[in-house]
Structure formats: C-alpha cells, structure tokens
Amino acid sequence: MTDNKDLLAITHIGEDPKKYMNAVTPPIFMNSLHVFDTVDEYFAVDIFKDEYYYGRASNPTVTILEKKLAALEHGSRAVVFSAGMAACAAAILAVCKAGSHVICIRESYGPVQHLLDEFLCRKYNIEVTYVEGKSLKDFEEAIRPETDMIILESPTTLVFSVIDLEGVAQLAKKHGIKTYIDNTYCSPIFQKPLDMGIDIVMHTMTKYIGGHSDLIGGVLISKDEEFMRNIMVQRDWFGGVIGPMEAWLAIRGLRTLDVRMQRHHETAMEVAKYLEKQPKIRCVHYTGLPSHPQYELARKQQKGESGLLSVEVEGDLKDVATFVDSLKLFGKGASWGGFESLAIAYTYNWSDEDLATHGWNRNIVRLHCGLEGTQNLIDDLKQALDKIN
Ligand SMILES: *Cc1c(COP(=O)(O)O)cnc(C)c1O
C-alpha cells in the first residue's frame, strides 16, 4: 500500500491556490524574470526561501514540483533539471573533483558511463571502477583513499539486477563516500533510497514521473539541505534548469503516479508470468517473479516493480527480429515509463566484447508494459511469438 503522505505529495503538497486566485491547478509561470519596486526589494530576494528574481535561478511552477518530489522521496529539498542526464552530471560534478575516484555499477545507464569514460575521465582526471555490485565485497574491494562517490541503480533497467542499498550505504558512510542512486525504475512510489541511507536520489522525470511521454526532465533529491542548496546554485551556473511548461506537465503527471504505477505493476506481473510459460522464451527478467535470483532482496527494499521487464528469446537473431517486428501494440523505441507499450531488441547489434563484459547475449528484448490493458498486450505478444518458426 502506498503511504498516505505520498498521496498528499502528489495531490496537494507544495501548492497554495490562494496565491493564484484559487485556481485548483497552479499556473505555468511563463516568465523569465520578476520585477521589483525598489533596489532594496531586489537585493533582499532569497532563492532558498521560495523568492524569485530570475528564471534560471528559480521559478514558482518549478518550486511546486520540487516540493512534491522532496516530500515523495523524504528529502529536505529537490532540484529539477532539463533532463535526467543534467541531474546526473550535476551530482557527479558537485561531489567529485579532478583526481576523484568513482565506483559505478557495470549495468548503469549507458550515457552515464559515456559521461564518465569519455568526458570526466579524459578531461578531469577522474577514475572509475565498474563493479557488478551484487555482493558488498565488489564495492569493498574497489574502495580507494580517493574514492568520493558510488553510483548505483537498482533495479537496473535491462536484466533488473538489485543492489543491497542499506549495505552499500553503510559501507560508504564508514569511508566518507557519497552514494548516489538512479531510482527511476521504481519511482518514489515503490522505493525510498534516502530512508535506506543513500545520500542522493536521481530520477529522470522523462519516464514515470512525467508518465505521458511528453517531456524531458530530471531531478536530484537529498536529505542534506546544504548539499541541495549547493546543487541549486550550481544549476544556476550551468543553466540546466527545466522550463516552466515541462515542470507543469511533470506536476500533472505526478497526480496519477500512484495509480499508474499500480497498474503498470499489475500488468507487467501478468505479462511476465505469461511469458515465463512460453517455450519460445528462454527466460524472463523481472524482480516480481520468484525466479528472479534476487527476489528476496527486492522484496526487502521495493514495494513493487514497474512496467519494464525483459525476455531472452529462443533462437537466432532472425527470430529476435521477427518477434519484435511482429508486435503491433508495442512501439519500437528506446524509452519507457509512459502510457504506451514499447519493445526494443536491446543487445541486437552489440559487439562480442560488450556482450562479454556483461555476460549477456544478443537475444535480450526489453518490453515496457503500458496502460493498453493486460489482455491486449498478452494477445499481441502471443501473435508475435507465433510468427517465430
Ligand atoms: C532515460 C534514462 C535516463 C536519462 O534520462 P533523460 O531524462 O533522458 O536524460 C537515466 N537513467 C535511466 C535509468 C533512464 O532510463
């Protein structure tokens, strides 16, 4: 069951209709600046107290969204960005310096690894150790005196590996290392990493928080108020703020986050159970299935799982393509978290070397179960499986 405080966060927290003529939904403050009567009034503005002077520093519509997200993740403050990647980059740059060492799980979101390997390592002398992360020993062995940050994702978003969040948080604290997690998969409805001791939570709002595939955005949340104030200032310097229109759409998306997550969960659960029984499917990766190797750990730290799962198709690459191409309701696309179902032959064109790094094969198809109805999705999957010889 969803915490009742979460339901207040997505419906009312952060809003004050009296400030906008009792309108039931907040306006989109579509302004770049705020004007004042006097010099003193202008200089008295405190952006940390919900006062405004320039849209790159803060905006009233953006603040409403930030208050909701901070409440949802049990943080002191949230800061939203123009993309999940802007939020991720802001966190790494705030925590690390030239010469820092970072530990990152090997299954983390690809562009995060590109940012680390091709930019931060090359230009800022940051070093990264990638670890599998299924055992605390992986982290323990990778820690160095100059380790400043551990980058996590749990579950990961291709084969849904789970990280022991409490365990990693405790270990990191002992060594003065900051922990960061991409919590997009579970959304704040199903997992609260800050309560497990993780320092910084990131979400791409492009996925479940937006929920309608109509915006790009990201957010950082922490219990550490001073850290979040620094993040807010840093956002002002880099300029990665979200636009008021996108912030408003994210607020609207949030209103239904709980009901959508419950439905995505129910649907994906049924789809996963159906697929697990199909002879043309070698295996199903979903943390809701008792066959998931870390089912117990997932039950301990997650209240549920979302609409994203993956399968390994029996056969050769032609069979993989036939299956995906034959799907009618599942659009072929890279994202997830919206109302719509999606399919992607994720590892289809990977190199042998990249596959070997992860111990994966080219038959992995990732499915996002949208809101089109469980039976419709199962019917579509069935007819696509029938097309494989
Ligand atoms: C999509 C995605 C991101 C990036 O989010 P953007 O808003 O596109 O920058 C980060 N992490 C995960 C797990 C994602 O799926």
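Residues numbered from 1 in each chain as written. Predicted model: local features only at pLDDT ≥ 70, side-chain atom pairs only at ≥ 80, totals over all residues. Heavy atoms only, no water.

## Here we look at a nonpolar patch on the surface
(1) Moving on: There is a patch of nonpolar side chains on the surface, built from Leu 33, Val 35 and Tyr 54 and spanning about 310 Å² of accessible area.
(2) Moving on: Given the relative accessible area of 36%, Tyr 54 is considered partly exposed. (Patch = residues over 30% accessible without salt bridge, like charges linked within 9 Å, V, L, I, M, F, W, Y side chains within 5 Å. Areas by Shrake-Rupley, 256 points an atom, 1.4 Å probe, with all protein chains shown as cover. Salt bridge = Lys/Arg side-chain N within 4 Å of Asp/Glu carboxyl O. Buried < 20%, exposed > 50% of the residue type's maximum accessible area, 1.4 Å probe, protein only.)

## Things to note about the nonpolar core
(1) Moving on: Within the largest apolar cluster, 81 residues are counted, with the highest numbers of intra-cluster contacts made by Leu 69, Phe 139, Leu 152, Met 205, Leu 275, Leu 309 and Phe 323.
(2) Moving on: Examining the composition of this core, we find that 8 residues originate from one element, helix α11 (residues 257–276), more than from any other.
(3) Moving on: When residues are assigned to domains, this core turns out to be shared by domain 1 (4–255) and domain 2 (257–386), each giving three or more.
(4) Moving on: The contacts of Leu 309, once residues within four sequence positions are left out, are Phe 160, Ala 268, Val 271, Ala 272, Leu 275, Val 284, His 285, Tyr 286, Val 365, Arg 366, Leu 367 and Cys 369.
(5) Moving on: Val 112, Leu 120, Val 128 and Ile 231 belong to the second largest nonpolar core, which has 31 residues in total. (Core = buried A, V, L, I, M, F, W, Y, C linked by side-chain atoms within 4.5 Å. Helix = DSSP H or I, 4+ residues; strand = E, 2+ residues; numbered from the N terminus. Domains from an automatic or database assignment. Contact = heavy atoms within 4.5 Å.)

## Quick word on helix α3 (residues 60–72)
(1) Moving on: Along its 13 residues, α3 runs 19 Å from first to last C-alpha, staying within 8% of the 18 Å computed at 1.5 Å per residue.
(2) Moving on: Every buried residue of α3 is accounted for by Pro 60, Thr 61, Val 62, Thr 63, Ile 64, Leu 65, Glu 66, Lys 68, Leu 69, Ala 70 and Leu 72.
(3) Moving on: The distance from a side-chain oxygen at the start of α3 to the backbone nitrogen of Thr 61 is 2.8 Å, and the residue carrying that oxygen is Asn 59. (Expected span 1.5 Å × (residues − 1). Polar contact = N/O pair within 3.5 Å; in protein donor to acceptor, adjacent residues only side chain to side chain.)

## Focus on the domain arrangement of the protein
(1) Moving on: If you check the domain split of the protein, you get domain 1 (4–255) and domain 2 (257–386).
(2) Moving on: Summarising the inter-unit geometry, the C-alpha centres of domain 1 and domain 2 are found 27 Å apart.
(3) Moving on: On the side of domain 2, 39 residues touch domain 1, which itself brings 38 residues to the contact.
(4) Moving on: Around 3200 Å² of area is buried between domain 1 and domain 2 when both sides are counted, 61% of it from carbon and sulfur atoms.
(5) Moving on: Of all residues in domain 1, Leu 158, Phe 190 and Tyr 208 give up the largest surface area on contact with domain 2, accounting jointly for 28% of the area buried on that side.
(6) Moving on: Here domain 1 and domain 2 share 1 salt bridge between them.
(7) Moving on: With its nearest N and O atoms 3.8 Å apart, the salt bridge here joins Lys 300 to Glu 166.
(8) Moving on: On the surface where domain 1 and domain 2 come into contact, there are 18 residue pairs in polar contact (both at pLDDT 80 or more).
(9) Moving on: Looking at the side of domain 1 that touches domain 2, the elements with two or more residues in it are α1 (4–11), α7 (165–174), α8 (187–190) and α10 (244–255).
(10) Moving on: When the residues that make up the side of domain 1 that touches domain 2 are grouped by side-chain class, the tally is 19 nonpolar, 12 polar and 7 charged. (Buried area = accessible area lost by both parts, 1.4 Å probe. Nonpolar A, V, L, I, M, F, W, Y, C, P; charged D, E, K, R; others polar.)

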